Structures are given as structure tokens and as C-alpha cells.
Amino acid sequence: MFLLEYAVLAGILYGLYFSLIGIGLNLTFGVLKIVNLAHGDFLMLGGFLAYFLYSALGLSPLWAVPINLVLFVALGGLLYALLIPRLRQSRDPEMASFILFFGLSQAIEALAILAFGNNQRSLPAAAIGPGTISLFGQVFPLSWAAAGAAGLLSVLLLYLYLYHTRLGQATRAVMASREEAVASGLSVGRISALAFGIGLALAAIAGVFAPYLLGGISPNMGVAVTTTSFTVIVIGALGNPVGTVVGGLIYGLALMLMETYASSWATLLPYLLLVITLLIWPSGLLGRRLRSA
Amino acid sequence: MAKRSTLGIFCALALGGATALAQQSSVFTIGTLYAGSGSFATSSLPQYQGLKFWAQQVNAKGGVYVKSLGKRLKIKIVALNDQSSTSTAETEYNQLITQDHVNLLVADFGSVLTSVAIPLANEHHVLLIDPTGTGASFFPKPNPYLVLAALPTSAVWPDSLANFLIARKLKRVAILYDTNDFDQSQAQTLAQKLKAAGITPVYDNGVSTSTSNYTVLVHDIAATNPQVVAEFGYSANDIPFLQAVDSSGLKFNLVFTVFPGQLEQLLQKNVGTAGLNGTLTYPTPPLLAYNKVNFGLGVNAFTRAFKAAGMGAPNFLDIAGYNSGLVIQRALQLTSGLKPLALRRAIQSFSGKMFTLDGLFKVQSSGAQVGELLPVAQFQMQGGQLKLVIVYPKNVATGKLLYPAP
Amino acid sequence: MPKLRGHAWAIAVLLAAFALAPSFYGNHSVLFSMAAFVALAEGLNVLYGFTGYLPFGYVGFFGTGAYGASLAILAGTPPLLALLVGAAASVVLAALLTPLLRLSGAYFSIASLATAEAMRLIVSNPALTPLTKGPYGLNLQAAFHPHQSYWAMLVILALTLALVSYLRLSPFGLALQAVREDPVSAAMAGVPVVYARSAAWLLSAAVAGSVGGAFAWHLSVFYPQTVFSLSTSIFAIVFTLFGGAATLLGPATGAVLLYALYTAVGLSAPQYFQLIYGLLIVGLVLFLPYGLTSLLQRRGIHVP
């Protein structure tokens, strides 16, 4: 029972963190109907920022959270202006974006290797704060609690933004139907650019916790992170931020239970979950939109 | 240097005169690969650096004196970057053999990148010096074209560790390994040796090599109440594993991991001093200081020369690269000619007699290295500094085991 | 039939070049890999070019073929026969995965990527060590034969090129392209949509499986991550896009040009090469989405 309880609690914390990883990708998809295959690489960049804040300036990696937010929203606006208008003109923007962002991911990885070298970087446990934290009688590293809290908080803030601000409501209007939003006079371009930037910033913020939750940061981690994020948001529902939390929790719980009871098969799990979900519930657990051809 | 030599090759190719390079008779050409990027770069680059350092040292003295030829040969290294990809490595080993006509091949770091060179070396009759590719399946039968130079085959690694656990009567042993050739073969050997002594591990599980978070696994292991936890992984696994142990709030009497003994600085930077204090590892040079050598530099002299050459403080893989150079150097001195089989006969002639900074060099006819032993050592705080103290076997021990670890 | 003649010439020239090259250039590994990538790009073209499904996990079939063929060789099957076993293993996997074709666009691509990763993890799992040798990889040195495996690769390449030619010229190929453009209208016009797509899927898997088998035989010592490496899929996709999908010459040209560039530049300066590759993809999508051959097609020139 002891093991089960621990695995379940760890799965919830880990799952909240994975919601944070996936939610930016989901927002971008919902608003722009494009798949950002470079998502994991932006997470990596955010992680490196946290690493250098600590190792060069001695600051807590948590300072990287607000810095990443500002930096990556700006970067998102820039990338949006450079790439998206032209992408929209192609015959199949969803597929074209998929390939384009894959290329971008390769370019970012190459630049990161040139800039940071190949060594995997990590941070000592003490960098984020000393000791452990007790939850329901089980002891967890402080970094886990911080990552889980960051995940929960980001989802809540995003929810408040989307449902209780005017800009957010406009964003949801674009999500529901781009054409209607254009027709009703919303500045769709600016709303989309902001959503894209927020998507990147959420990835970068998730990167701050990567040294603790993902074992370290290295330039070539992007593809694996992107695949996992995709799994999380597909299990939940594409284009639905609340769905991401469900997806993250299912993923986290399943992974931790597998590690406890069938460890060598654990890494197989996300891929199996993804394929099974797609085949049985093609629109995700909480989705309504059909996506079969 | 690597880039220039590669460029040279392409120019030569363009002129249709690729063979001219290799036939300059006062030069001995060594072809090698290194991983400039990808998952093996951390280990591969220092190994390549060690080999380059050796070549510089030898060339500064005018080259290696080959008695049978009656003259000195300068060493020339042709190096290509395989980016940690095996299929790229295969075309590049082939490139070195068929286009650069190198006299001898030195494999890249580790089993994965070495694997594809073995059939090519056999096919083209080129001698392959394998610094660190310890794969369990590489040495099934006598093979005149393969010599493992700097480490014993991976299945031999945990010998001392097993004996140590048996001698200390530590009966509750947990084994966690990554499912790759290198780690699984060690885990299997350890489990077999323990079982032969009547000890059944309380936990013995494999996880994928891509596992990056060990918190729950560490907890699962703790639930079996082990006295010792042995984790066999690559450095990218050892780091998150030790972090998980350090930050989980759990306490094990002893923890063993492989890479702190090879890449101490990397591990210390990422895990922190507190995270390493008390853990066990296989000590390798320079942490294992072999200074009574009969060929090449001893560990201390090497460390000084290496730093003086502006290459920083050496780690084990720098030494592995350098040691491979020493094997080549001794072979050239003693050989009856530059043909691969003559070189191999020369190597066999000093096998079991040469003692370098990496320990005793002894190869079997399959090419497997059996001379070096990997003792067991513990990181201990001494005067505010982390020191690696060898605790087993007794004849090389430099201190006492702290049990349970602090 | 001037078009047919054009195709026959194109195939003959390409094969003759690969057949003669070993006498002029000693690094047969480069030639072998190049031939393998031409075949893989064409195999991917069978699916992507003619149906619009882009399999990111194409390497899953390649690796399955490699393991299928190698395990057959280790069990005593003659290598040439073992290649058929490899192809068959991939076709069986593809048949099991046929339901993936219900997904569209990016969902299909990601799901196929996930199956390739899953295959790698299954093959390398220690629980299956008695069957697949798990993480220890396979050693076929007893059957190592670089010349025979090169010729086998060329036969596979010839068959693949013939297949793409057939799709390019036959009513079946036209029907597939009609399905790609508009499945509903195609179905109404009497095209058996599900059957046509599944056929392209299985054929594409058979190509990757046999190329994987020949690759494994040629390499002879390898680990699971060697034959299930994601970069194999990436190369095949980039080569196809660069040359131009849904043609015979596009993917082949892309593979030959870019692989040659990779060998010349990538080996000495790989980071710059990865950067160039990434930017090339971005540029292609934005400015030349139908590849090199579309430059000619736009001017009304028929490209085989």
C-alpha cells in the first residue's frame, strides 16, 4: 500500500508538471491550428536560461520564470510575424506547419550545440531550496512540489485569462472559428501572435524545472519532450486547456505506476497511450471535434 | 586539426591522388572517429583529446623509433566526426580504410560506436585498437584485428564489487540497471556472482536508458530495505539517480554508481558535493593513481604534462585515449613490420608485461582486455574536500570504508 | 508511350550509376547508404506522394525489417531469403497498424512516430532477450558480405523505382492521387478509398522492411538504436520534400544530392550541417513546398 500511495502522489505531481509542458503546445494548436514541433526546443532554451542564472549569477533558478515569460512572449511575436502569414497561404497549413517547425527544431538544436556544447547540464538539488516536503505522510523533493505547483498555477492563470478577460474571450473566439472572428472585426493576427508567444513562454517556464524533473537539460532533448507533450495533449483533448490537465495526470500516474510495478516497460507507456487513445477516442478524452479523415 | 586533415582528404580526392598521402614512408597514419555532438560527445571528445596528446608528445620527440625499419615514424591522425551516429560512423570507418588508407584504426568511445568498425576491420584486414568499446558480444572467438586497450570487457567490471559485497557480508543488495549492452551485462554479472555466493538481490530491475527521473524508482528500492543500492547507467543516468537519492529524503547505507569514478568533475558539478559524499564507484585513473609504470607517463606526470599542454585537468577518458596511444607506440617499437598481423603479434608479445598509467595491459587472442582491474572506492569528505578512497581489494586499498555512508 | 520510355531511361541510368560506382570510388559504405536512402525516400514517396500521409515513424518499418531479416539469418536462413522475411515482418506490422490510416494529417504522423519508438523499446526490452537479444544488439559477422549485400540493395532499389513508376503511370496511381486531393469525390467516382490507401501503406512498409534487412546485413553488427534511429525517418522525409513528392525522379534526386552534400560537408562540420538542414526545411516549406521538380513542372515540363 505504501508503494501504491507514493506512486499515486508522485504521479499527480509529475502529471501536473506535464500539464505545464503540454499546455503551451495545446494553446498554440487551439488558436493557430498549427503544430509546433519545436515546442521541446523552446523548453530546452528556457532551461538553459535558468541554468545560467544559477551557475553564472548565483540566482535561484525560479527567477527564470518571470524572465522567460517576458522574453519568450516577445520571441513568439517575432517568430509569428516572420513565419505564420506566409504559412497560411499554403495548401495545407496544418501539415506545412508541422514540417516547418520540425525544421526550426533542428536549427535551434544545432545552434544550441554551437552555443552551449554537448554536455548535459543539471542543477544541484539545493539550488531551488533545501530539503524535502511532506504531502499526506509521503516525502517528496522540494523541486517536485515546486514543479507541480507551477503546473497548477499556470493552468489556473491560463483559465482565468481565457475565460475572464476580454483578450482571452477574443482568443477563445478565434479558437472556435477563425473566419467568424475575422468577420466580427477582431484583430485576429495580434491575438494569435500573443497566444503563440504565451505558448512558447509556458514551454520555457516548464524548462526551468527540467533539471529536476527531466534529469537535466541538453541541446538534443527537444524531440523527446515534444513527443511527450503531444501525447499529453492528445490524451486530454487538442485545443482544450482543461483537457491538458487530464492528459497530464493520466500520463503521470500511468508512468509512475509502471515504474513501480513493471519498470522496464515504463518508457513504452507514453507511446502506447498515444496510439491507443488516437485509435479508440480519436478526439481525446474530453474532445468533441472529430479528427478522422 | 581534424578539420584540416579532412579537408585535405577531400582535396586529394578531387585531384584523384588519395593514395599519395598514406604512402609517405616516414609517417604512420592512424584513423579515428570522435563524436562532436550527440549523446556520446561528453565521453568521446576527451578520449580523442587523449589520443591527440599522445601523438603530440611522440612527434615532439621526432616520432616513434621502429627498430625493424631502423628509423623514426611521425604519427599522423586523421579524425572524422561521427556525431554519435552509428550509420555515419560506419561510412567514416570505411572512408578511413578505403580512401585515407590509414595504417591502423582507433575506434570511437564506447560499444555502440565501436560495433560497426569490427566487421569492417576484419573485412579489410586493418588492426582496430578499441579504447573503451567493451561490448559483451565483441569477443566471441580469436580475432587478430581487434585489441581492447583501456578497459576490461564490461562483464568483468563488477568482479571486485561482487567480491567486496560478499566479503563485507552485505546480503541485502538492490540492483537497478539501464537496458543497454554496457549496463545490463554488468548487472547480470553482479547478480550471477552474488547468487553463486548464496545472495539473492532484493531488487533487480532494468529501466530504459532514456529514463530521466528516478524519484519513484528510488522509493520503490527503499521499500525493499537494501543495505546497498547498485545503479548501472551512463553518466546521463547516474546524475538524475544520485540527485533523486540526495533529494528524496531517503537514506541508503551504501550507493554504488559507475561514472563518478570516470567523470568526477561532471558529476560533482551536477550532483553537488553532498550528493557524492559516501557513494561508491569504480575508481579509474587519474583517481586511481598508477605511478609505478614501465611505459609512458605515470598518472601524476601525465596530469602535469596534460595541464601544461593547455588541455585542462584530465579525466579517465583522456587517459584511455592516451593509453591507446601507448599500446600503439609499444607495438611500433617492437614490430617486425607495419602489416596489421605483425603489429598484432608485437602487441601479444608485451601483453601481460606492460604496466601503464591505466594499469596492467593484458589481452586475450579474442582481443578482450583482462589485465586491468576495477577496484571499489568511496567518496569521503576529508578536510572539506571530497576524496576518492579505495576500499577494496586490500592490496590496493588507500583507506577504510565508512559504513553506513555519512 | 513516351512517358514510359522516359521512366525506363531514368531508372536505367540511376541503376547503372550505382552499379558502376564501386569501381571508381572505394568507400562502398557511402554508396550503399546512398542507394538505401534513395530507396527509402522512394518508399516514403509511395505513401506520402500518392496518399498525403506523412509517416514520421517510417523508420519503424526499417528497423522491423532489419530485425526480421537478421533474426532469420541467425536462425540459419540464407541472407537473400532473409530479406524477404524482413520485408514480410514489416508488412505484417503495417497490416496491424492499418487503423492508423483513419487519422489525418499531423495525428497520423505523430501516431506513426509513436509506433516506431514503441517498436524500438519492445525490441530492446530485457524481457525479450532470448528472442531479440534485447539491448545487446545483433552480430551477423558470420554472414557478413559487403558485395552481395550491395547488389541485393540495388535489386531492392530497382524494384522500388519500378513500383513508383507504376504508380506514376497507372490508373491505380491516378486513383490514389484523386483520393489524396479529395477522398469524398474519389469515393463517389468509384475509387475504393480504403483499399487503395491500405495497398500504398503496405507497399511502402515492404520497401522500408527490405531496405532495413539489407542495411542490417551490410552493417552486420548493430544495436536497436542503430536501426530505429529517428534520423533515418528525417533524412527520408527531407530528401523526398527537397526533390519533390509524387514523382519518380524527385525523391531520388533529393536523396543523391543531399546525401552527397551530407558526406562532403556533414562529416567535417556537422553542427553547421544540421543548422543548414533545419533552415533548408523551413525555406522549402515557405518558398518551394513542392520541391525541386516543381520548378520544372511549373514550366509545363513533364518530370518522370
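Residues numbered from 1 in each chain as written. Chains lettered and ligands numbered in written order. Predicted model: local features only at pLDDT ≥ 70, side-chain atom pairs only at ≥ 80, totals over all residues. Heavy atoms only, no water.

Caption draft 1: Region of the structure containing the overall build of chain C. The helix and strand tally for chain C stands at 15 helices and 2 strands. A compact globule built from 304 residues would reach a C-alpha radius of gyration of about 19 Å, and chain C, at 19 Å, matches this within 12%. Each of the three principal axes of chain C carries a C-alpha extent, and together these read 55 × 45 × 40 Å. When burial is assessed residue by residue, chain C has 63% of its 304 residues classed as buried. Considering only contacts in chain C between residues 6 or more positions apart, those separated by 24 or more positions represent 78%. When the accessible surface of chain C is summed, it comes to about 10700 Å², and 75% of that surface belongs to carbon and sulfur atoms. With 10 positive and 4 negative side-chain charges, chain C shows a spacing of 6 Å between the two charge centroids. (Helix = DSSP H or I, 4+ residues; strand = E, 2+ residues; numbered from the N terminus. Rg over C-alpha atoms; globule rule 2.2 N^0.38 Å. Buried < 20%, exposed > 50% of the residue type's maximum accessible area, 1.4 Å probe, protein only. Contact = heavy atoms within 4.5 Å. Areas by Shrake-Rupley, 256 points an atom, 1.4 Å probe, with all protein chains shown as cover. Lys, Arg positive; Asp, Glu negative; His and termini not counted. Charge placed at Lys NZ, Arg CZ, Asp CG, Glu CD.)

Caption draft 2: Examining the sheet that holds strand β5 (residues 128–130) of chain B more closely. Residue and element names in this part refer to chain B. Read from one edge to the other, the open sheet built from 6 strands follows the order β2-β3-β1-β4-β5-β6, with strand pairing classed as mixed. Of all strands in the sheet, those with a lone pairing partner are β2 (64–66) and β6 (146–148), marking the two edges. Strand-to-strand twist of the sheet, defined as the mean angle between neighbouring strand axes without regard to direction, takes the value 30°. As defined by bridge partners, β5 adjoins β6 across 3 bridges and the pair is classed as parallel. Pairing of Leu-128 across the sheet is with Leu-146, part of β6. In this fold helix α14 (residues 316–334) packs onto β1 (27–34), β2, β3 (71–81), β4 (104–106) and β5, with an angle of close to 30° to the strand it touches most, β2. (Pairing = 2+ DSSP bridges. Axes fitted to C-alpha atoms, helices over the stretch in contact; angles between N-to-C directions.)

Caption draft 3: Local environment of the interface of chain B and chain C. Each partner contributes to the interface: chain B provides 36 residues, whereas chain C provides 35 residues. Both faces combined, the contact of chain B with chain C buries some 2900 Å², and carbon together with sulfur accounts for 54% of it. Considering only the surface of chain B that becomes buried against chain C, Glu-90, Thr-91 and Pro-119 of chain B emerge as the three largest contributors, covering 16% of it. Where chain B meets chain C, there are 0 salt bridges. The interface formed by chain B and chain C contains 11 residue pairs in polar contact (both at pLDDT 80 or more). Secondary structure elements with two or more residues in the side of chain B that touches chain C: α1 (2–15), α4 (86–98), α5 (110–115), α6 (117–124) and α8 (181–196) of chain B. The biggest single contributor to the side of chain B that touches chain C is α4 of chain B, with 9 residues. Grouping the amino acids of the side of chain B that touches chain C by side-chain chemistry returns 7 nonpolar, 24 polar and 5 charged. (Buried area = accessible area lost by both parts, 1.4 Å probe. Salt bridge = Lys/Arg side-chain N within 4 Å of Asp/Glu carboxyl O. Polar contact = N/O pair within 3.5 Å; in protein donor to acceptor, adjacent residues only side chain to side chain. Nonpolar A, V, L, I, M, F, W, Y, C, P; charged D, E, K, R; others polar.)

Caption draft 4: Just the nonpolar core, in detail. Ranked by size, the top nonpolar core spans 340 residues in total, and within it Tyr-17 and Leu-214 of chain A together with Trp-54, Ile-75, Phe-232 and Ile-347 of chain B carry the most contacts. Two domains each put at least three residues into this core: domain 1 (2–153 + 289–361) and domain 2 (158–281 + 375–396) of chain B. Those residues in contact with Phe-232 of chain B that lie beyond four places of it in its chain are Leu-161, Ile-175, Leu-176, Tyr-177, Asp-178, Asp-183, Gln-186, Ala-187, Leu-190, Phe-256, Val-258 and Tyr-282 of chain B. Counting 5 residues, the second largest nonpolar core, distinct from the first, contains Ala-175, Val-179, Ala-186 and Val-193 of chain C. (Core = buried A, V, L, I, M, F, W, Y, C linked by side-chain atoms within 4.5 Å. Domains from an automatic or database assignment.)

Caption draft 5: Highlighting the environment of Gly-399 of chain B. All names here are of chain B. Here Gly-399 shows up in the segment after β15 (385–392). With a relative accessible area of 30%, Gly-399 lands in the partly exposed category. Taking the C-alpha atoms as reference points, Gly-399 and Leu-388, separated by 11 residues in sequence, lie 9.3 Å from one another. Look past the residues within four positions of Gly-399 in its chain and what remains in contact with it is Val-389, Ile-390 and Val-391.

Caption draft 6: Geometry of the interface of chain C and chain A. At the junction of the two partners, chain C supplies 43 residues and chain A supplies 41 residues. Both sides of the chain C and chain A interface together cover about 3900 Å² of buried area, and 77% of this is carbon and sulfur. The interface formed by chain C and chain A includes 0 salt bridges. Counting across the chain C and chain A interface gives 3 residue pairs in polar contact (both at pLDDT 80 or more). Within the residue set of the side of chain C that touches chain A, elements represented by two or more residues are α5 (105–123), α12 (230–243) and α14 (270–287) of chain C. Looking at the side of chain C that touches chain A, the element that brings in the most residues is α5 of chain C, giving 13 residues.

Caption draft 7: Focus on helix α12 (residues 269–280) of chain A. The end-to-end C-alpha distance of α12 of chain A, which contains 12 residues, comes to 16 Å, matching closely the 16 Å that a straight helix rising 1.5 Å per residue would cover. Listed in full, the buried residues belonging to α12 of chain A are Leu-269, Pro-270, Tyr-271, Leu-274, Val-275, Thr-277 and Leu-278 of chain A. As for α12 of chain A, its buried residues are in contact with α10 (222–236) and α11 (241–261) of chain A together with α5 of chain C. (Expected span 1.5 Å × (residues − 1).)

Caption draft 8: Geometry of the packing of aromatic side chains. Within this structure, the stated rule accounts for 49 aromatic pairs over all chains. Between Tyr-17 of chain A and Phe-209 of chain A the ring centres are 6.3 Å apart and the planes differ by 80°, which places this aromatic pair in the edge-to-face class. With a gap of 192 residues between them, Tyr-17 of chain A in helix α1 (residues 2–32) and Phe-209 of chain A in the loop between α8 (188–208) and α9 (210–213) connect regions that are remote in the sequence. Of the two residues examined, Tyr-17 of chain A and Phe-209 of chain A, each falls in the buried class. Taken together, the aromatic side chains of Trp-157, Phe-182, Phe-232, Tyr-234, Phe-256, Phe-259 and Tyr-282 of chain B make up a single cluster linked through ring pairs. Sitting above the plane of the Tyr-163 of chain A ring, Arg-172 of chain A keeps its charged end 4.0 Å from the centroid. (Phe/Tyr/Trp six-rings, centres within 6.5 Å; stacked < 30°, edge-to-face > 60°. Lys NZ or Arg CZ within 6 Å of the ring centre and 35° of its normal.)

Caption draft 9: Region of the structure containing a nonpolar patch on the surface. On the surface, Leu-153, Leu-157, Tyr-159, Leu-160, Tyr-163 and Val-242 of chain A cluster together to form a nonpolar patch covering roughly 550 Å² of accessible area. We classify Tyr-163 of chain A as partly exposed; its relative accessible area is 31%. (Patch = residues over 30% accessible without salt bridge, like charges linked within 9 Å, V, L, I, M, F, W, Y side chains within 5 Å.)

Caption draft 10: Spatial organisation of α8 of chain B. End to end, α8 of chain B covers 22 Å across 16 residues, agreeing with the expected 22 Å (1.5 Å per residue, within 8%). Within the span of α8 of chain B, buried status applies to Asp-181, Phe-182, Asp-183, Gln-184, Ser-185, Gln-186, Ala-187, Thr-189, Leu-190, Ala-191 and Leu-194 of chain B. Looking at the buried positions of α8 of chain B, the neighbouring elements they touch are α7 (159–167), β7 (173–178), β8 (203–207) and β9 (228–232) of chain B together with α6 (129–132) of chain C. Gly-198 of chain B, located one to two residues past α8 of chain B, shows a positive phi value of around 80°.

Caption draft 11: Examining the packing of α10 of chain A against α11 of chain A more closely. Residues and elements named next belong to chain A. At a minimum axis distance of 7 Å, the contact between α10 and α11 shows a crossing angle of 115°. Once α10 is placed against α11, the crossing between them reads as right-handed. Packed against α10, whose contacting residues are Thr-228, Val-232, Ile-233, Ile-235 and Gly-236, the element α11 presents Gly-243, Thr-244, Gly-247, Gly-248, Ile-250 and Tyr-251 at the interface. Here the contact of α10 with α11 is built from residues that sort into 5 nonpolar, 6 polar and no charged. (Left-handed = near helix turned anticlockwise from the far one by under 90°.)

Caption draft 12: Representation of the side chain of Ser-192 of chain A within the structure. With respect to the secondary-structure elements, Ser-192 of chain A resides in helix α8. By relative accessible area, Ser-192 of chain A is classed as buried at 0%.

Caption draft 13: Quick look at the confidence of the model for chain A. Residues and elements named next belong to chain A. Counting all residues, the mean pLDDT for chain A is 87, and 96% of those residues have values of 70 or more. When the elements of chain A are averaged for pLDDT, strand β1 (residues 132–135) gives the smallest value, 82, and α8 the largest, 95. Per-residue pLDDT stays below 50 along residues 289–293; that stretch engages in 17 contacts with residues further than four places along the chain or on separate chains. (pLDDT = per-residue confidence, 0-100.)

Caption draft 14: Representation of the environment of Gln-265 of chain B within the structure. Assignment of secondary structure puts Gln-265 of chain B in helix α11 (residues 264–271). Along the chain, Gln-265 of chain B and Ala-313 of chain B lie 48 residues apart, while their C-alpha atoms are 9.5 Å from each other.

Caption draft 15: Structural view of the pairing of β3 of chain B. Residues and elements named next belong to chain B. As judged from the 8 bridges shared by β1 and β3, these two strands associate in the parallel manner. Among the inter-strand pairings, Leu-33 is bridged to a residue of β3, identified as Leu-80. With 3 bridges connecting them, β2 and β3 associate as antiparallel partners. Bridge assignment links Tyr-65 to a residue of β3, and that residue is Arg-72. In textbook terms, the turn of a hairpin is the stretch between consecutive antiparallel strands, and for β2 and β3 this stretch comprises 4 residues, one of which, Gly-70, has a positive phi near 70°.

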